[in-house]
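# Structure assessment
Take a look at the letters that make up each chain.
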Amino acid sequence: MAASSNSSLSGSSVSSDAEEYQPPIWKSYLYQLQQEAPRPKRIICPREVENRPKYYGREFHGIISREQADEILAGIEGAYILRESQRQPGCYTLALRFGNQTLNYRLFYDGKHFVGEKRFESIHDLVTDGLITLYIETKASEYISKMTTNPIYEHIGYATLLREKVSRRLSRTKNESRKASVTSEENTPVEKITSLVRRAALTQNDNHFNYEKAHNFKVHTFRGPHWCEYCANFMWGLIAQGVRCSDCGLNVHKQCSKYVPNDCQPDLKRIKRVYCCDLTTLVKAHNTQRPMVVDSCIREIEARGLKSEGLYRVSGFTEHIEDVKMAFDRDGDKADISASIYPDINIIAGALKLYFRDLPIPVITYDTYSKFIEAAKISNPDERLEAIHEVLMLLPAAHYETLRYLMIHLKKVTLHEKENFMNAENLGIVFGPTLMRPPEDSTLATLNDMRYQKLIVQILIENEDVLF
């Protein structure tokens, strides 16, 4: 089964120069098998069938038995018909000839045709995809089971190739702007590096904020031949051949996705907005320690609003807060939220609170929520503080850093309590439900936990120098 195209990466010439970099050799064995798979052959019914469903064509043969279907398809590899079940009228079956036997599949239609997870516009496409899958899984079952054992993704060449050169460029661009990334450089040799190599190089680079992030894989239909970026094997089938990470664009087999490490490096081109975007995804895409919304709003508030009466408690105009949100979504860190545009500091404070409320996963994550609530219930102050500190250590790095930075800021707010009338308890009331929400959408749980949410934030503010 081995062919020259199945060579491992180590067999190729790896150069330390980006201009001479050779991409990995993709393994074409499964692609060859797909080309060899039987082609579908529609067997038309010689008579007009009454009550034929409008979404089936002349391949529908009406109510016939399995034995009759077997006779019709005998000896024609890839042939297929549709029939109505004798035992269950109104239920339909795809009868397909493969491997010298007739296979019967329960057929469904909900606007598209399907027998399993995949949905097809036409019966012909469904059968084509089915024959490819059957052929490949029959011919290469052992090969497929071993695809993930020697992945190119983890090969030493990817981690070391051009690391020094990429590191130098990242250092230079970071000095120019902390938010710059290697992908922003145009017309440089680095652009010739595959996305796989760039991800590995960035992961190893000390200048890149190395927050761990799982890939956001979604089932994807690839147009034209595609190869898995984990195992280097062809992604077979007509549709839904694999999964693609919505954040960084990594393309892999569904089975390979289970083995890909949590090293997603989101691509800014794929991040469509700032608000409602996963916190870790946003900071990794912008190569920042914290979301730029948090930095920008806090910087503006500390410059001109720390003494504002009722800061964070007094609401700004909703439409103006929405304007700020749209500005960040549109312009990112270049959004203008200065006093000349928004003289009312409560609008900026409201935009910051809205950012936290809109997070799909709260700053205090769903996974740690119950642990924080239990810690808040401890009566002994020292033990309670220790328990809270332990749970803080469970937060993802980007969440921890964002919470730490916010608590330092809120501590500054309390230092001006005489002017703004906002102490740690008041801020806890405001930020408790903003920073933490119960995993289940339960009004009762939220009401029962409100005093503990307030207490957690109050303790975090009062003890930020000890806890973080």
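Residues numbered from 1 in each chain as written. Predicted model: local features only at pLDDT ≥ 70, side-chain atom pairs only at ≥ 80, totals over all residues. Heavy atoms only, no water.

For the protein, an unreviewed UniProt entry supplies the name Beta-chimaerin and the organism Sakesphorus luctuosus. We quote the UniProt Subcellular location (unreviewed entry) comment for the protein here in full: "Membrane". (UniProt positions renumbered as here; feature names shortened; annotations may be inferred.)

A separate point is the confidence of the model for the protein. Across the protein, the average pLDDT comes to 84, with 82% of residues at or above 70. The spread of mean pLDDT over the elements of the protein runs between helix 5 (residues 156–160), the lowest at 36, and helix 11 (residues 345–358), the highest at 98. Considering only residues more than four positions removed or in separate chains, one finds that residues 1–21, a stretch of pLDDT under 50, has 39 contacts. Predicted confidence for residues 156–208 stays below pLDDT 50, and this span has 94 contacts to residues more than four positions away or in other chains. (pLDDT = per-residue confidence, 0-100. Helix = DSSP H or I, 4+ residues; strand = E, 2+ residues; numbered from the N terminus. Contact = heavy atoms within 4.5 Å.)

Here we take up the side chain of aspartate 247. Residue position: aspartate 247 is located in the loop between strand 8 (242–245) and strand 9 (251–252). One polar contact links aspartate 247 to lysine 213, side chain to side chain, over a distance of 2.8 Å. At 3.5 Å, the side chain of aspartate 247 and the side chain of threonine 281 are in polar contact. Setting aside its immediate chain neighbours within four residues, aspartate 247 contacts Lys213, Asn216, Cys264, Pro266, Asp267, Arg270, Ile271 and Thr281. (Polar contact = N/O pair within 3.5 Å; in protein donor to acceptor, adjacent residues only side chain to side chain.)

Looking now at the pairing of strand 3 (residues 79–84). Buried residues dominate strand 3, accounting for six of its six residues. Side-chain alternation along strand 3 places Ala79, Ile81 and Arg83 on one buried face and Tyr80, Leu82 and Glu84 on a second face that is also buried. The pairing of strand 1 (residues 41–42) with strand 3 spans two bridges and is classified as parallel. Following the sheet pairing, lysine 41 is matched in strand 3 by alanine 79. Note: strand 2 (residues 60–63) against strand 3, two bridges, orientation parallel. Within strand 3, the position partnered with isoleucine 63 by the bridge is glutamate 84. One crossover worth recording links strand 2 to the parallel strand 3 by way of helix 2 (residues 66–73), and it is right-handed. Relative to strand 4 (residues 92–98), strand 3 runs antiparallel, the two sharing five bridges. Across the sheet, the residue bridging to tyrosine 80 is leucine 96, located in strand 4. (Buried < 20%, exposed > 50% of the residue type's maximum accessible area, 1.4 Å probe, protein only. Pairing = 2+ DSSP bridges. Right-handed = clockwise from strand over helix to strand, strands pointing away.)

A rise of 1.5 Å per residue sets the reference length of helix 17 (residues 443–462), with its 20 residues, at 28 Å; its end C-alpha atoms lie 28 Å apart and thus fit the reference within 8%. Along helix 17, the sharpest change in direction is near 50° and occurs at aspartate 449. Residues of helix 17 that are buried include every one of Ala445, Asp449, Tyr452, Gln453, Ile456, Val457, Gln458, Ile459, Leu460 and Ile461, and no others. Considering only its buried residues, helix 17 is in contact with helix 12 (366–376), helix 13 (381–392), helix 14 (397–414), helix 16 (424–435) and helix 18 (464–467). (Expected span 1.5 Å × (residues − 1). Bend = angle between axes of the 7 residues up to and from the residue.)

Time to look at the sheet that holds strand 7 (residues 217–220). Across the sheet, three strands lie side by side as 7-8-9; this open sheet has antiparallel pairing. Each of the sheet's edge strands pairs with one partner strand only, and the pair in question is strand 7 and strand 9. In this structure, strand 7 lies alongside strand 8, joined through four bridges in antiparallel fashion. Among the inter-strand pairings, phenylalanine 217 is bridged to a residue of strand 8, identified as cysteine 245.

Let's shift gears to the packing of aromatic side chains. Inspection of every chain in the model, using the stated rule, returns 15 aromatic pairs. Each ring, one from phenylalanine 60 and one from tyrosine 92, has its centre 5.8 Å from the other, and the planes form 65°; the classification is edge-to-face. Of this pair, phenylalanine 60 sits in strand 2 while tyrosine 92 sits in strand 4, and the two are 32 residues apart along the sequence. On the basis of relative accessible area, tyrosine 92 is assigned to the buried category, the value being 14%. Ring plane angle 90° and centroid distance 5.5 Å describe the contact between tyrosine 275 and tyrosine 355, whose orientation is recorded as edge-to-face. Taken together, the residues span a long stretch of sequence, with tyrosine 275 in the loop between strand 9 and helix 8 (279–286) and tyrosine 355 in helix 11 at a distance of 80 residues. A single burial state applies to tyrosine 275 and to tyrosine 355, both of which are buried. One aromatic cluster is present, built from ring pairs that chain together Tyr55, Tyr56, Phe60, Tyr92 and Tyr109. Sitting above the plane of the phenylalanine 114 ring, arginine 119 keeps its charged end 3.8 Å from the centroid. Sitting above the plane of the tyrosine 405 ring, arginine 290 keeps its charged end 3.7 Å from the centroid. (Phe/Tyr/Trp six-rings, centres within 6.5 Å; stacked < 30°, edge-to-face > 60°. Lys NZ or Arg CZ within 6 Å of the ring centre and 35° of its normal.)

Among the seven residues that make up strand 4, seven are buried, leaving the element largely enclosed by the rest of the structure. Residues Tyr92, Leu94, Leu96 and Phe98 point to one face of strand 4 and Thr93, Ala95 and Arg97 to the other, with burial holding for every one of them. Of the pairings in the sheet, the one linking strand 4 to strand 5 (residues 101–109) comprises seven bridges and is antiparallel in character. Across the sheet, the residue bridging to alanine 95 is asparagine 104, located in strand 5. Between strand 4 and strand 5, which pair antiparallel in sequence order, lie two residues; one of them, glycine 99, sits at a positive phi of approximately 65°.

Moving on, we come to the packing of helix 12 against helix 13. The N-to-C vectors of helix 12 and helix 13 enclose an angle of 170°; their axes lie 8 Å apart at closest approach. The angle between the axes of helix 12 and helix 13 places the two elements in the roughly antiparallel class. Listed contacts from helix 13 to Thr368, Lys371, Phe372, Ala375 and Ala376 of helix 12 are Arg384, Ala387, Ile388, Val391 and Leu392. Its residues placed into classes, the contact of helix 12 with helix 13 shows seven nonpolar, one polar and two charged. (Axes fitted to C-alpha atoms, helices over the stretch in contact; angles between N-to-C directions. Parallel < 35°, antiparallel > 145°, perpendicular 65-115°, else oblique. Nonpolar A, V, L, I, M, F, W, Y, C, P; charged D, E, K, R; others polar.)

Unusually for a residue other than glycine, asparagine 51 sits at a positive phi of about 60°. For asparagine 51, the location among the structural elements is in the loop between strand 1 and strand 2. Phi is positive for cysteine 276, which is not a glycine, with a value near 65°.

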